[in-house]
Amino acid sequence: MSQFCIQVINPNTSPEMTDTIASAARSVAAPGTTILACCPSQGVESIEGHFDEAIAAIGVLEQIKQGKTQGAQGHVIACFGDPGLLAARELASGPVIGIAEAAMHMATLVATRFSIVTTLPRTVIIARHLLRQYGFEHHCAALHAIDLPVLALEDGTGLAQQKVRERCIQAKREDHSGAIVLGCGGMANLACELTQELGIPVIDGVTAAVKMVESLLTLGLGTSKYGDLAYPNKKPLSGCFEQLC
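Residues numbered from 1 in each chain as written. Predicted model: local features only at pLDDT ≥ 70, side-chain atom pairs only at ≥ 80, totals over all residues. Heavy atoms only, no water.

Comments concerning the overall build of the chain
- Scanning the chain from N- to C-terminus turns up eight helices and eight strands.
- Radius of gyration (C-alpha) of the chain: 17 Å, near the 18 Å computed for a compact globule of 245 residues.
- Seen through its principal axes, the chain has C-alpha atoms that stretch 55 × 35 × 35 Å.
- Out of the 245 residues in the chain, the part that is buried amounts to 53%.
- With the model as given, the accessible surface of the chain reaches about 11300 Å², and the carbon-plus-sulfur share is 55%. (Helix = DSSP H or I, 4+ residues; strand = E, 2+ residues; numbered from the N terminus. Rg over C-alpha atoms; globule rule 2.2 N^0.38 Å. Buried < 20%, exposed > 50% of the residue type's maximum accessible area, 1.4 Å probe, protein only. Areas by Shrake-Rupley, 256 points an atom, 1.4 Å probe, with all protein chains shown as cover.)

Below you can see the structure in the form of structure tokens.
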């Protein structure tokens, strides 16, 4: 019988990326923890900007609602922009962790400075906003982009993975960072190999978030329902949003 049930949400519509994320999550889940990996059926196939995040946030909320009915006790939002995170926490009673927030937290526990390696240059800017929002701006030495789109990580050529490796090596050499954060859920399967090769912690947010959710559940802690993360005020929703009621 499962000890915990954790929903891992890929906010884009890519089944291939969902499989990558699911595999990483299951590789670190404790014995008895069930991973429910999912993605929305409608939305954007990759999340690479504010517009994409706004659309993806609705899919995240739909998945949170479905996950609760399926018995999920905690939730992971597996996109480095953490789309819809606070809204998801309003809907959920269990803990909800975004992979950017999780990876940044973990990095500060094992190093005084970390670097981030992400996909496109525009996502560097978004990651910088998150660093400021989460209070980790002074811990981050630098941000690097491989300058390839998110879906390049799933195209089978290996080019994106090679560029991630090169940027991680560059970050260690130039930034003198003690840890590196991988800035995309699609990079989740690269962290262990890069950690061994570089000799410093290379942190994937998917696995970090799964362990954080497990820890919170073990401690009996869920999302506070006092204050701004209380359940949403009851009011009618119209059109395609009715399913969120």
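Brief notes about the state of the cysteines
- Under the definition given, this model contains zero disulfides.
- Cysteine C5 is unpaired, with the sulfur of C38 as its nearest cysteine sulfur at 10 Å.
- Of the residues examined, C5 reaches a relative accessible area of 11% and is grouped as buried.
- For C168, which is in no disulfide, the shortest distance to another cysteine sulfur is to C184 and amounts to 12 Å.
- Assessed through its relative accessible area of 0%, C168 is described here as buried. (Disulfide = S-S within 2.5 Å.)

Points about the sheet that holds strand β5 (residues 114-118)
- Across the sheet, which stays open at both edges, the four strands sit in the order β6-β5-β7-β8 with parallel pairing between neighbours. Each edge of the sheet is formed by a strand with only one pairing partner; in this case those strands are β6 (140-145) and β8 (202-204). With strand direction ignored, the average angle separating the axes of adjacent strands in the sheet is 25 degrees.
- Note that β5 and strand β7 (residues 179-182) share four bridges and pair parallel. Within β7, the position partnered with V117 by the bridge is L182.
- Along the sheet, helix α5 (residues 121-134) contacts β5 and β6; its crossing angle with β6, the most-contacted strand, is approximately 155 degrees. (Pairing = 2+ DSSP bridges. Axes fitted to C-alpha atoms, helices over the stretch in contact; angles between N-to-C directions. Contact = heavy atoms within 4.5 Å.)

Re the pattern of salt bridges
- Throughout the structure, instances matching the rule amount to five salt bridges.
- R132 serves as the salt-bridge partner of E137, at 3.2 Å between the closest nitrogen and oxygen.
- Judged by relative accessible area, which is 34%, E137 ranks as partly exposed.
- Between K211 and E214 there is a salt bridge, with the nearest N and O atoms lying 2.6 Å from each other. (Salt bridge = Lys/Arg side-chain N within 4 Å of Asp/Glu carboxyl O.)

A short note on unusual backbone geometry
- You will see that D82, though not glycine, has its phi angle at about 50 degrees, which is positive.
- Residues other than glycine seldom take positive phi values, yet D147 does so here, at roughly 60 degrees.
- Here D147 lies in the loop between β6 and α6 (159-175).
- On the basis of relative accessibility, which here comes to 52%, the residue D147 falls in the exposed class.

As for the sheet that holds strand β3 (residues 74-77)
- One open sheet accounts for four strands, arranged β2-β1-β3-β4; its pairing is parallel. The open sheet terminates on both sides in strands that have one partner only, identified here as β2 (33-38) and β4 (96-98). Strand after strand, the sheet turns through a mean of 20 degrees between neighbouring axes, direction not considered.
- Pairing analysis gives three bridges linking β3 to β4, with the strands arranged parallel. Looking across to β4, one finds that V76 is bridged to I97.

Overview of the pairing of β3
- Residue alternation in β3 divides its side chains into two sets, G74 and V76 and H75 and I77, and both sets are buried.
- Two elements, strand β1 (residues 4-9) and β3, share four bridges in a ladder whose sense is parallel. Bridge pairing in β3 places I6 opposite G74.

Digging into the packing of helix α4 (residues 99-110) against α5
- Interaxial distance between α4 and α5 falls to 11 Å at its minimum, and their mutual angle equals 65 degrees. Remark: the crossing between α4 and α5 carries right-handed chirality. The segment α4 lies against α5, with A100, E101 and M104 engaging A127, L130, L131 and Y134.
- Tallied by class, the residues present in the contact of α4 with α5 amount to six nonpolar, no polar and one charged. (Left-handed = near helix turned anticlockwise from the far one by under 90°. Nonpolar A, V, L, I, M, F, W, Y, C, P; charged D, E, K, R; others polar.)

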